[in-house]
Amino acid sequence: MTKAKTPRLSELLRRGEIFAVECPSREILKHVTSRWGVLVLVALMEGTHRFSDLRRKVGGVSEKMLAQTLQCLEKDGFIHRVSLPVVPPHVEYSLTPTGTEIGRKVESLADWIEINLPTILAAQRAG
């Protein structure tokens with residue numbers, strides 16, 4: 001018995017499923033590709049972080065936005081949250097195996113942007 005091949009995103013796009021308003025992947029795509037979602041996933045690729053460490057690492061994110069981003073990514077199964085029974089309370093975040101997989105993908109995108117930044121900035125200036 002052969003394992004069914006999971007369609008690639010590009011194949012789904014061509015079929016139009018992701019364009020459907022009711023497609024559940026849209027919400028997950030929004031969580032993962034949001035500015036804060038990408039940066040949190042890339043930061044957690046380095047290992048476990050406390051909330052305050054993530055907030056310092058991801059410059060410019062408000063406490064509220066970081067909390068919302070972490071909650072969404074946790075709900076999607078990408079982040080593991082551990083609340084340690086200490087005083088003061090301390091919470092640690094790490095990637096799940098699925099989170100590591102999507103983290104690699106968005107890290108590649110972020111790397112591509114960084115590598116191509118001079119060309120992109122030149123195009124913006126010319127445009």
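Only a predicted model underlies this, so the values are computations on that prediction, with no experimental measurement involved.

The rules behind these values
Residues numbered from 1 in each chain as written. Predicted model: local features only at pLDDT ≥ 70, side-chain atom pairs only at ≥ 80, totals over all residues. Heavy atoms only, no water. Helix = DSSP H or I, 4+ residues; strand = E, 2+ residues; numbered from the N terminus. Expected span 1.5 Å × (residues − 1). Buried < 20%, exposed > 50% of the residue type's maximum accessible area, 1.4 Å probe, protein only. Arc of directions from axis to C-beta. Axes fitted to C-alpha atoms, helices over the stretch in contact; angles between N-to-C directions. Parallel < 35°, antiparallel > 145°, perpendicular 65-115°, else oblique. Contact = heavy atoms within 4.5 Å. Nonpolar A, V, L, I, M, F, W, Y, C, P; charged D, E, K, R; others polar. Polar contact = N/O pair within 3.5 Å; in protein donor to acceptor, adjacent residues only side chain to side chain. Pairing = 2+ DSSP bridges.

Engineer: Please explain helix α5 (residues 63–75) as it appears in this structure.
Structural biologist: Given 3.6 residues per helical turn, the α-helix brings residues three or four places apart onto the same face. If you check α5, its first and last C-alpha atoms are 18 Å apart, about what 13 residues at 1.5 Å a residue would give, namely 18 Å. Of the residues making up α5, those classed as buried are Leu66, Thr69, Leu70 and Leu73. For α5, the angular spread of the buried residues around the axis is 95°, confining them to a single face. For α5, the exposed residues lying more than 90 degrees away from the buried face are Lys64, Gln71 and Lys75.

Engineer: Would you mind going over the packing of helix α3 (residues 35–44) against α5 with me for this structure?
Structural biologist: Helix packing geometry: the angle between the two helix axes and the distance between the axes. Close contact between α3 and α5 brings their axes to 10 Å; oriented N to C, the two are set at 75°. By the angle between their directions, the pair α3 and α5 is classed as roughly perpendicular. Across from Trp36, Gly37, Val40 and Leu41 in α3, the residues of α5 making contact are Met65, Leu66, Thr69, Leu70 and Leu73. For the contact of α3 with α5, a count of residues per class yields seven nonpolar, two polar and no charged.

Engineer: Is there a simple way to explain unusual backbone geometry in this structure?
Structural biologist: Note on backbone geometry: most residues besides glycine have negative phi, and most peptide bonds are trans. Residue Val87 is joined to Pro88 through a cis peptide bond whose omega torsion reads -5°. Structurally, the position occupied by Pro88 is in the loop between β2 (79–84) and β3 (90–95).

Engineer: I keep staring at the side chain of Thr96 and nothing clicks. Help me out?
Structural biologist: Tracing the sequence through the fold places Thr96 in the loop between β3 and α6 (97–126). Overall, the relative accessible area of 17% leaves Thr96 in the buried class. In terms of polar contacts, Thr96 uses its side chain to reach the backbone carbonyl oxygen of Gly77, at 2.6 Å. Those residues within four positions of Thr96 in sequence are excluded, and the remaining contacts are Gly77, Phe78, Ile79 and His80.

Engineer: So what exactly am I meant to see when it comes to the sheet that holds strand β1 (residues 49–50) here?
Structural biologist: Sheets are built from strands that pair by backbone hydrogen bonding, the pairs being arranged parallel or antiparallel. Strands sit in the order β1-β3-β2 across an open sheet of three strands; the sheet is antiparallel. Sheet topology places β1 and β2 at the edges, where each strand pairs with a single neighbour. Bridging between β2 and β3 involves six bridges; their strand directions are antiparallel. When the bridges of β3 are listed, His80 appears paired with Ser94. The strands that α3 touches are β1, β2 and β3; relative to β3, the one it contacts most, it runs at about 90°.

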